[in-house]
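Structural features, examined
Here is how the chains run, residue by residue.
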Amino acid sequence: FLETTAYFCMKPKMGEKEVSPHSFFSIWHEFSSDFKDFWKKENKLILQERVKEAEEVCRQKKGKSLYNIRPKHDSGIVSK
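In the annotation of an unreviewed UniProt entry, the protein chain is listed under the name FMN2 protein and assigned to Certhia brachydactyla.

And the structure:
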């Protein structure tokens, strides 16, 4: 625990000799919950962008037909 607090440069509050686990983890909990919320929002935005891109690709593919339809030419016994 002490190595972790030293790594994050955590200093004790006024009147305390050492960083208490309660003070460290209360800050850590706030950070992790905020990070989780932002992570979810970013993932949601990325997902929406990918869905829009996929819909655009589908629209473009539907617009282009894979085969050509030629008009029927009158030829044969019936047309003569």
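Description of unusual backbone geometry
One non-glycine residue, cysteine 9, lies in the positive phi region at around 55 degrees. Position of cysteine 9 among the secondary structure elements: in the loop between helix H1 (2–7) and helix H2 (21–63). Under the relative-accessibility criterion, cysteine 9 is labelled exposed at 62%.

Details of the packing of aromatic side chains
The tally for this structure, following the rule as stated, stands at 10 aromatic pairs. Considering the side-chain rings of phenylalanine 1 and phenylalanine 24, the 5.6 Å spacing of their centres and the 90 degrees angle between planes classify their relative orientation as edge-to-face. On the criterion of sequence distance, the pair formed by phenylalanine 1 in the segment before H1 and phenylalanine 24 in helix H2 is long-range, its members being 23 residues apart. Look at phenylalanine 1 and you get partly exposed, because its relative accessible area is 38%. One aromatic cluster is present, formed by Phe1, Tyr7, Phe8, Phe24, Phe25, Trp28, Phe31, Phe35 and Trp39 through successive ring pairs.

Section: the pattern of salt bridges
For side chains of opposite charge, pairing can occur when their charged atoms come near one another. In the structure shown here, the tally under the stated rule is 1 salt bridge. Between glutamate 56 and arginine 59 there is a salt bridge, with the nearest N and O atoms lying 2.8 Å from each other. Taken as a pair, glutamate 56 and arginine 59 lie in helix H2 at a separation of 3 residues, close to a single helical turn.

The rules behind each value
- Residues numbered from 1 in each chain as written.
- Predicted model: local features only at pLDDT ≥ 70, side-chain atom pairs only at ≥ 80, totals over all residues.
- Heavy atoms only, no water.
- Helix = DSSP H or I, 4+ residues; strand = E, 2+ residues; numbered from the N terminus.
- Buried < 20%, exposed > 50% of the residue type's maximum accessible area, 1.4 Å probe, protein only.
- Phe/Tyr/Trp six-rings, centres within 6.5 Å; stacked < 30°, edge-to-face > 60°.
- Salt bridge = Lys/Arg side-chain N within 4 Å of Asp/Glu carboxyl O.

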